Amino acid sequence: MPASGAVTRSTLRQQIADALRDEVLAGRLLPGQEFTVKQIAEQYGVSATPVREALVDLSAQDLLDSDQHRGFRVHQFSLADFRGMVEARALVVDAVFRELEGEHLAARAQSTALVSVRRRAEEATRAARGGDLNVLIGYDLRFWRELGALVANRYVAEFLHRLRVQAWVFSVPYLREETADRKWLWHGHERLVDAFTLGDVSLVRTVIREYDDHARAWAERLETPGSSRR
């Protein structure tokens, strides 16, 4: 019985953390917004313990800031933070693919897991072209996580996933503020899967560089003179 209770609490803790992360990614919890353990516990109708544990987990992922006296608030990433995320992501991913030979990548591409990755790619591409953030974010994160699991060890894959969540947290307020910004949504997921399926490491790296350059170009746009976005 104690073991079962521990599993239940752990599951509830993860469910709360996932729900709050989704609230941030959906733009319903905005950067700088403050709340307490009590408020979240009442909102979800649960006890304070799993809520506190979930909030601590999200703080460890740099999605929340904790204050001993004021509770928690959604972390506000800066443009410099976003650029740092893109550069860190680019360095790690490039290093991963530099270590892979074409035949090695081609062998991985035969995995049945790639079928799932392609489905994610198709949905993400469709959502990006349609400017549907709510659908895109979920599929984009799943796409990169599943693709990363095929080529990197779990520690690297988890690090990259965390960076992508943080990058979305930074981007969402800007993208929701002005619909015109959604033309900046990257939609090369299917092209990347095609390159991966061919086992062409060079083409994979080219597509990923385009993806990173796309993010850098968007960051430049946010910093253009006269822009209210910072």
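Refer to the structure presented above.
The following paragraphs examine the structure supplied in this document. (Residues numbered from 1 in each chain as written. Predicted model: local features only at pLDDT ≥ 70, side-chain atom pairs only at ≥ 80, totals over all residues. Heavy atoms only, no water.)

## A closer look at the pairing of strand E3 (residues 71-74)
The sheet contact formed by strand E1 (residues 34-35) and E3 spans two bridges and is antiparallel. Residue pairing for E3: Glu34 is matched across the bridge by Arg73. The pairing of strand E2 (residues 64-67) with E3 spans four bridges and is antiparallel. Bridging across to E3, Asp67 finds its partner in Gly71. What sits between the antiparallel neighbours E2 and E3 is a turn of three residues. (Pairing = 2+ DSSP bridges. Helix = DSSP H or I, 4+ residues; strand = E, 2+ residues; numbered from the N terminus.)

## A word on the environment of Asp213
Looking at the element boundaries, Asp213 is found in helix H10 (residues 201-222). Taking the C-alpha atoms as reference points, Asp213 and Val86, 127 residues apart in sequence, are found 9.0 Å from one another.

## What to know about the packing of helix H4 (residues 79-98) against H10
Axis separation between H4 and H10 bottoms out at 10 Å; the angle between their running directions is 175 degrees. Taken together, the axes of H4 and H10 are roughly antiparallel relative to one another. When its residues are assigned to classes, the contact of H4 with H10 shows 14 nonpolar, no polar and 10 charged. (Axes fitted to C-alpha atoms, helices over the stretch in contact; angles between N-to-C directions. Parallel < 35°, antiparallel > 145°, perpendicular 65-115°, else oblique. Nonpolar A, V, L, I, M, F, W, Y, C, P; charged D, E, K, R; others polar.)

## Comments concerning the pattern of salt bridges
Pairing between side chains becomes possible if they bear opposite charge and their charged atoms approach one another. According to the stated counting rule, one finds 18 salt bridges in the structure shown. Put simply, Asp212 and Arg89 hold a salt bridge, and the shortest N to O gap is 3.2 Å. With Asp212 in helix H10 and Arg89 in helix H4, this pair connects stretches of sequence that are 123 residues apart. Look at Asp212 and you get buried, because its relative accessible area is 4%. Residues Arg126 and Glu123 are paired through a salt bridge, measuring 3.0 Å at the closest nitrogen-oxygen approach. You can see Arg126 and its partner Glu123 sitting in helix H6 (residues 113-130), three residues apart, about one turn around the helix. Shared partners join several salt bridges into a network, and the residues in it are Arg13, Glu53 and Asp57. (Salt bridge = Lys/Arg side-chain N within 4 Å of Asp/Glu carboxyl O. Buried < 20%, exposed > 50% of the residue type's maximum accessible area, 1.4 Å probe, protein only.)

## With respect to the sheet that holds E2
Strand order in the open sheet made by the three strands is E1-E3-E2, with antiparallel pairing throughout. The sheet terminates laterally at E1 and E2, the two strands that pair on one side only. Against the sheet, helix H3 (residues 48-60) engages E1, E2 and E3, with an angle of about 120 degrees to E2. (Contact = heavy atoms within 4.5 Å.)

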